[in-house]
Amino acid sequence: MNEILRIENISKIYKDSAILFRKKDNLALDNVSFAIKRGEIFGLVGESGSGKTTLSNIILRLIKETSGKIYFEDKDITKLTKEELFAYRKKLQVVFQNPYQALNPKKTIGFSIREILKIHKVGTEEENKEKIRQILEEIEMEEDVLGYYPPNLSGGQKQRIAIACALIIEPEFLIIDEGVSALDVSIQAQILNLIKKLQETHNFTCLFISHDLNVIAYLCDRIGVLYNGKLVDLFETKDIVSPDRNEYTKTLFKSIKI
Ligand code: ADP
Ligand code: MG
């Protein structure tokens, strides 16, 4: 399996001005390096504040790193032109914990999905109708949902739609940041199984981010552990109980329920 994404010595310092009462720069990521292989589900785990979303936002180019490089398909994405950035964003999609970041609560689900296809200029109207029909089938939702507004959906349904919105343009790489954390445990399991199934049919690579090692271990092929902005461990899920594990990973593992 070849690499699709390589993170090299990424550091991020937030300047003090963003945080009230804290007069110190915040080193959110400290020289983080690892690579994600094409077609795998890579889990990034760490407690709240460990830097997971910062790293995700840097990969998505929503914020800039302080230093380091990121290669996507061997191209340094820290130095993209506007046109290259647009092409890159089409290959990469994200599902957040709060689906309102993807879905406008005042627009119908159908409007939002069609809008995504329009922005990315994919397919004719007929082709897109068929694409939407197919993705709804895959996320196991009826077509009448297209006429609904996001506030009318349950948490689990919103996350299914958010996943459909991300996958409708067939990205190569999907980032899911705490995508099941707000859901009840039984709904979490349904969404995790759905992600597994979709990954097998669509073959995208996935960076799955969670504070919950339980969830990560269930879904992911390999796991990276972030602690205070440092990558302290990296292993295949099958080696999660190995004595080689970092002490911090072991403390996370103690609370695991599988
Ligand atoms: P996680 O997603 O693992 O909970 P984050 O990446 O959100 O962690 O945060 C990592 C650290 O960076 C935290 O200390 C957080 O307070 C800080 N941080 C995150 N976003 C900002 C910001 N926009 N400005 C200043 N500090 C931030
Ligand atoms: Mg976060």
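Above this text sits the structure in question.
What you see is a predicted model; the values in this text were computed from it and never measured.

(A) Layout of the packing of aromatic side chains. Tallying each qualifying case throughout the model produces 4 aromatic pairs. Residues Phe72 and Phe173 carry aromatic rings whose centres are separated by 6.0 Å and whose planes lie at 75° to one another, so their mutual orientation is edge-to-face. Taken together, the positions of Phe72 in strand E4 (residues 67-72) and Phe173 in strand E7 (residues 173-177) put the pair 101 residues apart, joining distant regions of the chain. For the pair shown, Phe72 and Phe173 are each scored as buried.

(B) Molecular detail of the sheet that holds strand E5 (residues 75-76). Sheet architecture is open: 4 strands sit in the order E2-E1-E4-E5, paired in antiparallel fashion. Strand pairing shows two members of the sheet lacking a second neighbour, strand E2 (26-37) and E5, which therefore form its edges. In terms of strand pairing, strand E1 (residues 3-14) meets E4 through 5 bridges, oriented antiparallel. Within E4, the residue paired with Glu8 across the bridge is Lys69. Sheet strands touched by helix H1 (residues 52-59): E1, E2 and E4. Its angle to E1, the strand with the most contacts, is close to 120°.

(C) Structural view of the site of ligand 1. Ligand 1 sits among 13 residues. The nearest are Asn26, Gly49, Lys52, Thr53 and Thr54. Between Gly49 and ligand 1, the recorded distance is 2.7 Å, taken from a backbone N or O atom to an oxygen atom. Contacts to ligand 1 include Thr53, whose side-chain N or O atom sits 2.8 Å from an oxygen atom. Counting residues per element, the shell around ligand 1 draws most heavily on H1, which supplies 3 residues. Classifying every residue of the shell around ligand 1 by side-chain character gives 4 nonpolar, 7 polar and 2 charged.

Definitions and cut-offs
- Residues numbered from 1 in each chain as written.
- Chains lettered and ligands numbered in written order.
- Predicted model: local features only at pLDDT ≥ 70, side-chain atom pairs only at ≥ 80, totals over all residues.
- Heavy atoms only, no water.
- Phe/Tyr/Trp six-rings, centres within 6.5 Å; stacked < 30°, edge-to-face > 60°.
- Helix = DSSP H or I, 4+ residues; strand = E, 2+ residues; numbered from the N terminus.
- Buried < 20%, exposed > 50% of the residue type's maximum accessible area, 1.4 Å probe, protein only.
- Pairing = 2+ DSSP bridges.
- Contact = heavy atoms within 4.5 Å.
- Axes fitted to C-alpha atoms, helices over the stretch in contact; angles between N-to-C directions.
- Near = heavy atom within 4 Å.
- Polar contact = N/O pair within 3.5 Å; in protein donor to acceptor, adjacent residues only side chain to side chain.
- Nonpolar A, V, L, I, M, F, W, Y, C, P; charged D, E, K, R; others polar.

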